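What follows is each chain in one-letter form.
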Amino acid sequence: MTTLLGLDLAGRRVLIAGAGAVATRRIRRFLAAGARVRVVAPTASADVERQALHGDLTWEKRGIAPGDLDDAWLVLAATDDPQLNDEIAAWADERRVWCIDASDARRGSARQAAMSTHGDVTVGVVSVDAPDPQRIRAIRDAVAAHIDEGHVDLRRRRPGAGRVLLVGSGPGDPGLVTVRGRQALAEADVVVTDRLGATELLVAVPYDVEVINVGKSPDNHPVPQAEINRLLVEHAQAGKTVVRLKGGDPFVFGRGGEEVHACLEAGVDVEVVPGISSALSVPALAGIPVTQRGVANSVVITSGHAGADATALAAITSGGTAVFLMAVSALESIADAALEAGADPSVPVAIVERGSTSHQRVTRGELGAIVRISRETGVKPPAVIVVGEVAAPGFLDSDASATT
């Protein structure tokens, strides 16, 4: 009868006999667990050779011997010789060392589960009787997908210390949220959400999860930042898992640093889950590469609240790319400042509204005319403004985008 156990291998010696395809694949899991991996094999895969070169593991270029098991906590017998693997398993039994026999799991004293990790929860699948690796991996993948799609309530049941998870939800499309971001939502007792980002995900959270909307619009900031900080700390100190769901990436003009500081100052554990920043993803979804070899070798990302700063102006006037967030209301002052700084009036500008959503719209024009065009077309926030040659219509289809 097989019993599923979790082993803490951090800092403990794991001996790998063999360095072929099977061993190479399994070694990565042991390294990820923090094990001290020692490989004994006459030859090794290129991957194992590189890992040894970098000091990630030690490789002894020779055949395995019984004495190699003496300082091991766990052994993986993964040579190309099934009979030798069985011998290694027998040596391990004599020394009361757990051993995985890669040739026939039934001959070893341990089996390696097909695992998936979801935040602080790990799920493992093993075969009880006859080994069937493809079957257990298929089950593992199906269970993992079910969890990562948000169908499993991952909230903690036992009382404990509260915590805050600062989650970047990307530009708006729920499909662009990271796997860890979805997992975090499944762990939430409370969600403090912005107005923008992938807020559609909130439809799937359980009804008893408290959702607090602290969203802002350009001329309406009903919940001050200090109050948002207080909400995060207060709910976490009550023992709850709080997800702060933010648009884009929390640390790119998202005031995420202030929220982390408030949590740490109050002694609250906080985890940052990065998101896809709209500064890069929204132009990409509109077919605009913010950098392109031979055309734009630099990009400046800035907030439009204060208009165009010196760095952004330098990018525009020197052939780089400037990306402005939250800048629709400041477009006129940005264009005027760029022209006064010597920018060519024909420099292309693209304004991408509601990027990644079904309402995405791209408005293009030259720097000297973009203010008029934006008024005529009724450009409104949220929008990302890109200034530079890469913003030209059909840039990727043109000769200008080609490199040699």
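Refer to the structure above for everything that follows.
Residues numbered from 1 in each chain as written. Predicted model: local features only at pLDDT ≥ 70, side-chain atom pairs only at ≥ 80, totals over all residues. Heavy atoms only, no water.

Draft legend 1. Here's a closer look at the layout of surface pockets. Roughly 740 Å³ of volume is contained in the second largest pocket. Along its surface, the second largest pocket is lined by 27 residues, and L5, G6, L7, R111 and A113 are the ones closest to its centre. The set of elements that each furnish at least two residues to the lining of the second largest pocket consists of α1 (21-32), β5 (98-101) and β7 (121-125). Broken down by class, the residue content of the lining of the second largest pocket amounts to 16 nonpolar, eight polar and three charged. (1 Å grid on protein atoms, 1.4 Å probe; cavity = no way out; pocket = protein on both sides within 12 Å on 5 of 7 lines; lining within 4 Å. Points joined across faces, edges and corners; volume = space filled by probe spheres on them. Helix = DSSP H or I, 4+ residues; strand = E, 2+ residues; numbered from the N terminus. Nonpolar A, V, L, I, M, F, W, Y, C, P; charged D, E, K, R; others polar.)

Draft legend 2. Structural detail: a nonpolar patch on the surface. Together, F253, L280, V299, I301 and M326 make up a nonpolar patch on the protein surface, roughly 390 Å² of accessible area in all. Structurally, the position occupied by I301 is in strand β13 (residues 299-303). Take I301: its relative accessible area is 31%, and that puts it in the partly exposed class. (Patch = residues over 30% accessible without salt bridge, like charges linked within 9 Å, V, L, I, M, F, W, Y side chains within 5 Å. Areas by Shrake-Rupley, 256 points an atom, 1.4 Å probe, with all protein chains shown as cover. Salt bridge = Lys/Arg side-chain N within 4 Å of Asp/Glu carboxyl O. Buried < 20%, exposed > 50% of the residue type's maximum accessible area, 1.4 Å probe, protein only.)

Draft legend 3. Structural context of the sheet that holds strand β4 (residues 74-77). Taken together, five strands build an open sheet; the order of strands is β3-β2-β1-β4-β5 and the sheet is parallel. Looking at strand neighbours, the two that pair on one side only are β3 (58-60) and β5, the edges of this open sheet. This sheet shows a mean twist of 20 degrees between the axes of neighbouring strands, independent of strand direction. By the bridge criterion, four bridges tie β4 to β5 in an arrangement that is parallel. Within β5, the residue paired with A77 across the bridge is D101. Relative to β5, helix α3 (residues 82-95) is tilted by about 170 degrees, and along the sheet it contacts β1 (13-17), β4 and β5. (Pairing = 2+ DSSP bridges. Axes fitted to C-alpha atoms, helices over the stretch in contact; angles between N-to-C directions. Contact = heavy atoms within 4.5 Å.)

Limitation: the analysis is restricted to geometry and does not speak to function.
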